[in-house]
Structure formats: C-alpha cells, structure tokens
Amino acid sequence: MRRLLRRLAWLAVVLPVAAGASAWLLLRASLPQLDGTRDVAGALAPVTLERDALGTVTVTGGDRAALAFGLGFAHAQDRYFQMDLARRLAAGELAELFGSVAIGEDRRARLFRFRSVARAVVEGLAPGDRAVLDAYVRGVNAGLESLASRPWEYWLLAAVPVPWRAEDSVLVVHSMWWQLQYHDFAAEARRGALTEALERRLGRERAAAALAFLLPAGSEWDAPADPAAGAAVAVPVPGPEVWSPLRPRSATAALPAAGAAQGIGSNNWVLAGRLSASGGALVANDMHLGLDVPPVWYRARLRTRDGRYDLNGVTLAGVPALVAGSNGHIAWGFTNSYGDWLDLRWTACDPEAGTWRNLDGRDVRFTIDHARIRVKGEPRERLRILSGAEGVVFATRERGGATECRLATWVATQPGATTFGMFALETATSVEEALAVAPAVGIPQQNMVVGDRAGHIAWTVLGRIPAARGALRAAGGAWIDPAAQPRIVDPPSGRLWSANARVVTGAAAALIGDDEDATGAGYDLGARARQVRDDLEALTSPATPADMLAVQLDDSARFLAPWRTLWLDVLEGETGRRAEFRRLIAAPMPRADADSVGYALTRTAQQATVNALWSSVLAGAGLEGDAYPPPPQFAATAWQLIEARPGAWLPAGFADWRAFLLAQVDRAIGELDDRCTALATCTWGRVRAVRIAHPLSAALPFARRLLDMRVPPLPGDHVMPRVQALALGASERFAVSPGHEADGCLELPGGASGHPLSPYYRSGFADWARGRPTPFLPGPAQHKLVLQ
C-alpha cells in the first residue's frame with residue numbers, strides 16, 4: 001500500500017510537469033525560423049527576410065510580386081492568428097472558432113455578405129494587381145507551413161488554421177471598413193430617432209433649428225485646414241419660442257468611464273519644404289485605433305534589388321501593401337474621414353411575404369438569402385437575409401399596427417469601393433502623381449496628407465466617393481469624377497492637418513457629405529485639430545521629426561482650462577467635499593499628466609455636466625438618455641449653454657444654473673469615490689487606467705501577465721493631440737521627410753510578433769509608452785532568412 005501511494009504521489013508530480021513541458025514545447029514549436037536558407041513552394045525567385053533588434057522585417061526581392069511573397073511569409077510567421085480574426089470578423093465566421101459567444105457578431109456581419117463582395121473584387125482585379133496578390137497568398141501559406149507547429153492560439157482553441165485565399169486579403173480590408181465605419185450605423189439610428197422625436201414635438205422648422213444647435217456644424221473650436229474656410233461661427237442658442245415646448249427635464253445618464261473612447265480618431269499633418277529642416281515635406285501621422293496585442297500595424301521595409309521600390313512604414317497583416325509611410329519620393333499618412341458613407345431609412349414592409357415599399361411608393365419583392373453560420377461544437381445557425389435595390393433589412397419595428405423595415409446601405413458593400421490602388425500610390429514620385437491615383441484607391445475613406453521631396457504638400461480624400469446624393473447615395477452606382485475629388489494643394493501657410501474634424505467647407509464638404517443635413521454630427525469636436533494647428537504655427541525654426549513627435553505627444557489641457565476656471569468660480573465659498581474638490585483643482589493643471597489629480601477631477605465633472613445636459617434634452621424629447629451618449633460636438637453646445645445660462649434650457653428640478661452645476665460636481669465626487677479611496681489619490685492615470693490586452697487573455701486570466709502589455713500610467717486624453725483612452729490610442733506614431741528616412745521616427749505599441757515567447761512580442765512598446773523616438777528605418781540585421 002505504501003509503495004502504491006508513493007507511485008501515485010510520483011505520478012501526481014510528474015504528470016502535471018510532463019503536461020506543462022509538453023505545452024511549453026508546443027508553444028515554442030510555433031516560433032518562426034529566422035535564419036538560414038529554406039526551400040519553399042511558390043517562391044519564383046530568391047527572397048531575403050532580414051530582422052533587426054526590434055524584429056522589424058526587411059524584405060528584399062527582384063520585383064513587386066517577390067516583395068509580396070516575402071511580406072506574406074513574414075506576416076504568416078508572426079501574425080497568422082491576427083490575420084485570421086480579421087478575415088473572420090468581416091466574413092461573419094468567428095463562431096466557427098469561438099462558438100456561440102460570437103454568433104451575434106457573425107449575424108451582424110453576414111447581413112453585408114462581404115465574402116461574396118471580396119470574391120467579386122478579386123475577379124475584377126487588373127492582371128498586375130492580381131499577380132501581386134497571388135504572390136502574397138503563396139507567401140502566406142508558405143509561411144504558415146514553415147512553422148513546426150500550428151500557431152499557439154489554435155492549440156488553445158482546439159482548431160486548425162485554414163489556408164489563406166486571395167479573397168481573404170480583401171476581407172482584411174473589409175475588416176477595416178468595419179472598424180472605421182460600422183459604428184456609424186448606431187450614430188445614424190440615434191440621429192434619426194432624435195430627429196423624429198423633435199419633429200413630432202416641435203414641427204419640422206423648429207426641430208431643424210434645435211438640431212443645428214444640438215449637433216453644430218461648426219463651433220469656436222473648429223480649425224479647418226482649408227485656407228478658403230472662414231472662421232467658424234457658433235449657432236446661437238435657440239430662444240424660448242423654439243425650445244419651450246420641450247422644457248428640458250431632469251434626467252441623468254450613466255457617466256461613462258473616464259477616458260472612454262469617443263469614436264475612432266487620428267491625427268496627421270504635413271509641412272511644406274520651406275518650413276522643414278530637410279527642405280522636403282515633413283509628414284506626421286498617428287492613427288488612433290483600438291490598442292490590441294499584437295498591434296494593428298506591422299512595421300516593414302520592402303525593397304527591390306534594382307532600387308525601384310524602397311517602401312518603409314506600416315503594413316496591415318493580411319494585405320500586401322504599404323499602408324502609410326514613405327517610398328523615398330513621397331510620404332503619406334491617414335485619419336478617418338467622416339462623411340455620408342452609409343444610410344438607414346424606415347419603410348413599410350412585410351417580412352413574411354418578402355415585400356417592401358420602395359422610394360417610388362411601389363411594393364416590390366425582397367431577394368431572400370439563407371446564410372449558414374458554422375458554430376463550434378453546435379449545429380449550424382441559419383440566418384434569413386432580406387435585401388433589395390435600396391438596401392438590406394437591418395432591423396424591424398411595429399408602428400401604428402404595421403411592420404416597418406429599416407433598410408441599410410453602405411458604400412463598403414460595393415465591389416468598386418475596395419481596390420488595390422495602394423499599389424499605384426507606392427510608385428508615385430510626387431504630390432501631383434499621388435493626387436492623380438488617389439481617387440482610384442479603394443479603402444475606407446481617409447483624410448490623406450502627402451508631401452514630396454521637392455517640398456510640395458497636399459490633402460485629399462483617399463477612397464472612392466459616390467456621385468449620387470440622397471437616400472440611395474451609399475447603394476452603389478457611379479463615383480465622382482476624379483478631377484472633382486476634394487483636395488488642397490500647397491496652401492500659402494505651408495501647413496495642412498486633419499484630426500477627424502472638418503477639413504474643408506462649401507462644395508468640397510458637400511461632396512464628402514454628412515447625412516444631407518447641416519449638422520456636424522459625423523465629425524469630431526475641433527479641439528484636437530485646433531491644438532495641432534496652434535502647435536504647428538508656434539514652431540519658430542525649421543521643423544524636424546523630433547518637433548513632430550513633440551506635437552504628437554502634446555497633452556496640454558487647453559480644452560479643459562475654461563472648465564477648471566468655471567469650477568473654481570462655482571465652488572467659491574463652498575464647504576465640505578466641495579471645498580476639498582476646489583482645493584485639489586486649484587493647483588495649476590497644465591497637462592493631462594498621469595499623476596494629475598486636478599485633471600481627473602476637472603474632466604470627470606466636465607463629463608458629468610455634458611452628459612446631464614444631453615440626457616435632459618433627450619428626456620424632454622421623450623428618448624432614453626442612457627442609450628444615446630452625446631456626440632462629440634455637443635461638448636461645444638454644452639459650453640455655450642453654461643456661458644449663456646438661458647432659463648428655457650435649464651434642466652427641471654434646479655433653482656438656477658449654479659445649483660445645476662454644483663449638482664454635477666457632487667455627482668463627479670460620487671463617481672470618483674467609487675474608484676479611489678480618497679479624492680486626493682484620484683490621479684488621471686488611476687481613474688483612466690489603460691489596458692492593452694491580447695484577445696484571448698480574458699479567457700486565460702492566469703496568463704494575462706504573459707499575454708498582455710505591461711502598461712504604465714499614461715498621459716493624454718481625447719481632446720488633445722496625445723489621444724489616450726482606456727483601450728484606444730495611437731496605433732502608431734511616425735514623422736518622416738521623404739528622402740530623409742534615416743532622420744525619421746516610427747513608434748508602435750508592441751512588437752512584430754504575436755508569439756509571447758518571441759523576443760519581438762513587446763519590442764518597441766516601452767518607446768511608445770514613454771514617447772521615445774524609435775528610428776524610422778530598421779536597424780542592422782540580426783537575422784537573415786533566404787527563401788528560394
């Protein structure tokens with residue numbers, strides 16, 4: 001018996017150790033080969049992959065197709081699971097990996113049938129573009145096959161990776177459409193609900209006046225880059241004759257988490273050669289996206305032996321193109337362009353009979369499709385999709401005893417909206433050439449700034465713009481004449497910038513569109529763009545990439561300064577917790593520092609006030625405030641109300657505006673008490689703690705330290721150039737002058753590899769977090785792999 005117990009005890013120790021060792025060996029087996037020579041199927045000519053100390057890959061080959069093969073090989077070695085998630089997100093195939101928890105996401109994506117759209121895009125490619133894409137696909141599959149074991153995520157999910165196809169690269173682009181624009185459906189629906197509610201209570205004319213004030217097209221914060229744009233004029237506060245029928249009622253929306261993301265945003269700008277130290281244009285870009293592990297972007301250098309190509313910057317794993325960076329002749333960067341790229345409208349329908357009423361008032365039949373969603377470990381889900389010439393059924397409702405269908409149209413679903421026109425941009429040698437190819441580049445519409453070695457600069461919308469106007473603008477058809485694509489070229493100031501606010505006005509803005517109304521509901525508040533502009537104008541000597549990085553890291557609290565003054569005035573003479581609040585914000589608050597208590601308190605009270613005003617307005621309109629957060633522009637409207645303090649707009653339940661404002665301070669104190677042991681310990685970094693996590697770490701809490709980035713307290717906020725939210729921020733930062741890449745810088749919030757045992761898993765993250773410049777060009781090669 002004693003011998004048996006000893007054996008059992010021995011097994012109890014050895015078996016877990018053996019299991020752990022086996023898991024460790026499997027994990028290590030999926031690390032990529034970095035050195036040597038490898039014979040691979042699909043490599044039509046030798047391709048070299050070199051990696052520097054950060055793991056940044058330099059691909060060298062004979063032509064563009066060879067570069068695509070090598071890049072695909074590297075992407076698969078380092079990021080195959082990330083690529084797989086992106087294609088599955090757009091195609092609505094996540095449940096096949098994750099089970100029923102992902103069915104809802106798949107149902108939403110399947111409505112738009114992106115896999116069918118992707119196949120049509122591939123079939124329509126020009127032969128040269130198709131050759132590059134096919135070479136990339138061969139490289140991806142060769143890279144996947146080169147791993148001694150499947151990528152480690154698939155072992156955890158008990159799944160086998162599916163080989164890459166050409167349509168999958170288009171789906172990865174569609175996943176960016178999804179990330180950058182799908183959320184606008186919710187904004188469109190909310191805006192429609194608000195418009196309907198106001199028109200029912202106020203009538204169309206007064207409702208339009210109220211909407212123009214609530215969702216202003218311009219405010220004192222606006223700073224459009226268009227030299228033809230005049231100073232923005234704020235919409236006056238509507239008087240009692242407009243708003244009295246909707247006397248704002250007392251309502252309180254849930255206060256969002258401090259530093260919560262306020263939509264997708266980015267910064268970019270370009271300085272003319274006469275303002276730069278190099279004499280060439282100087283381009284800076286930091287695209288603000290969700291912060292994940294691994295990062296969205298993949299650094300790479302792609303160069304041919306004959307020197308025709310030397311591309312440096314960021315790529316997107318799954319796509320064979322340089323997304324942003326420099327080709328030695330021009331440099332370019334993006335911010336998301338808000339415009340009329342999708343639409344929703346209600347119409348009478350009978351889903352059971354499969355009919356709907358079109359804009360001509362005729363009842364016509366839907367096209368009915370049945371999608372089958374594979375679900376891991378469960379039977380397939382069936383999804384009935386109803387669509388017609390005027391959109392796909394997005395939702396239904398009962399109204400007045402009849403059924404209505406909400407039809408959705410989206411430019412992204414048109415095959416011509418997604419192209420591989422980026423290949424042509426890679427070979428442009430001047431701003432003029434870049435502007436010539438820009439209208440044919442099919443990506444989610446972006447504000448592109450571009451500059452060349454000669455010092456010329458420009459802004460344009462990169463992405464295809466529908467020619468139609470009205471309810472069916474996004475339903476397909478012709479694109480605008482390329483000559484009409486909005487652009488600004490070589491402005492007298494020598495400066496161009498964008499930060500998701502309005503860039504142009506007038507006819508150019510009308511082409512971009514904003515839901516056919518006069519509001520600016522699709523745009524960000526102009527505070528960030530204005531601060532960028534002011535920083536650029538403040539430069540007194542020829543600018544360098546280091547100067548551009550300083551602007552990208554600018555966290556000065558200019559937007560919040562008037563609010564701090566407001567709270568100091570309102571709290572004068574108060575006692576107790578209010579007096580403590582005032583004392584803590586009385587110290588100078590120049591920046592959104594991670595250790596700043598004053599910024600955390602001021603910002604929390606400001607957000608409480610904006611949310612309370614918005615909630616009160618919606619309650620007066622009969623809408624639920626909690627379900628409709630205030631759009632960014634309403635912050636300017638709220639400040640107007642606080643400055644003017646009109647009686648007609650005072651929320652019910654308060655004797656005067658001072659009483660209302662004191663209540664918001666009390667509310668902020670209550671929120672902060674839930675997060676901190678004392679107000680004096682509520683630093684901004686604590687109140688808004690940033691987390692950068694691997695998508696599987698939530699299911700593996702014991703492995704979070706291994707999988708997630710170790711994030712120090714970070715400065716920044718959404719209303720300043722250094723954007724930082726809970727899980728959103730600069731997905732990259734770069735500054736470069738074309739032809740002077742050795743002087744540039746490029747930071748990413750993580751390394752090239754998606755493997756936690758790789759030395760390149762966290763490489764570069766510390767530089768990004770601390771704002772230290774990482775060289776734009778890769779360093780000396782530490783590893784070399786030849787594919788033949």
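Residues numbered from 1 in each chain as written. Predicted model: local features only at pLDDT ≥ 70, side-chain atom pairs only at ≥ 80, totals over all residues. Heavy atoms only, no water.

1. Quick word on the state of the cysteines
So, point 1. Under the counting rule described, the total for this entry stands at 2 disulfides.
So, point 2. Disulfide partner of Cys349: Cys405, at an S-S distance of 2.0 Å. Across the S-S bond linking Cys349 and Cys405, the dihedral sits near 80 degrees, which makes this disulfide right-handed. Taken together, the residues Cys349 in strand S10 (residues 342-350) and Cys405 in strand S16 (residues 402-410) connect sequence positions 56 residues apart.
So, point 3. Taking the relative accessible area as the measure of exposure, Cys349 reaches 12% and is therefore buried.
So, point 4. Covalently, Cys676 is tied to Cys682 through a disulfide, its sulfur atoms 2.1 Å apart. Looking down the S-S bond of the Cys676 and Cys682 bridge, the torsion is 130 degrees, so its handedness is right-handed. Side by side, Cys676 and Cys682 carry an identical accessibility label, which is buried.
So, point 5. By sequence-ordered numbering of the bonded cysteines, the protein chain has its disulfides arranged as 1-2, 3-4. (Disulfide = S-S within 2.5 Å. Helix = DSSP H or I, 4+ residues; strand = E, 2+ residues; numbered from the N terminus. Buried < 20%, exposed > 50% of the residue type's maximum accessible area, 1.4 Å probe, protein only.)

2. Structural notes on the packing of aromatic side chains
So, point 1. Per the stated rule, a full pass over the model turns up 28 aromatic pairs.
So, point 2. Relative to Trp639, the ring of Trp563 has its centre 4.9 Å away and its plane inclined at 55 degrees; by these criteria the two rings are tilted. Of the two residues, Trp563 is situated in helix H17 (residues 561-570) and Trp639 in helix H20 (residues 634-644); the sequence distance between them amounts to 76 residues. Residue Trp563 shares its accessibility class with Trp639, and that shared class is buried.
So, point 3. Of the aromatic side chains, those joined through ring pairs into one cluster are Phe112, Phe114, Trp178, Tyr182, Phe185, Phe394 and Trp410.
So, point 4. Positioned over the ring face of Tyr309 is Arg64, at 6.0 Å from the centre of the ring.
So, point 5. Here the guanidinium or amino end of Arg150 rests over the ring plane of Trp155, the centre of that ring lying 3.9 Å away. (Phe/Tyr/Trp six-rings, centres within 6.5 Å; stacked < 30°, edge-to-face > 60°. Lys NZ or Arg CZ within 6 Å of the ring centre and 35° of its normal.)

3. Some details on the confidence of the model for the protein chain
So, point 1. A residue-level look at the protein chain finds 92% of positions with pLDDT of 70 or above and a mean pLDDT of 91.
So, point 2. Note that pLDDT drops below 50 for residues 515-520; the model gives that stretch 24 contacts with residues more than four away or on any other chain. (pLDDT = per-residue confidence, 0-100. Contact = heavy atoms within 4.5 Å.)

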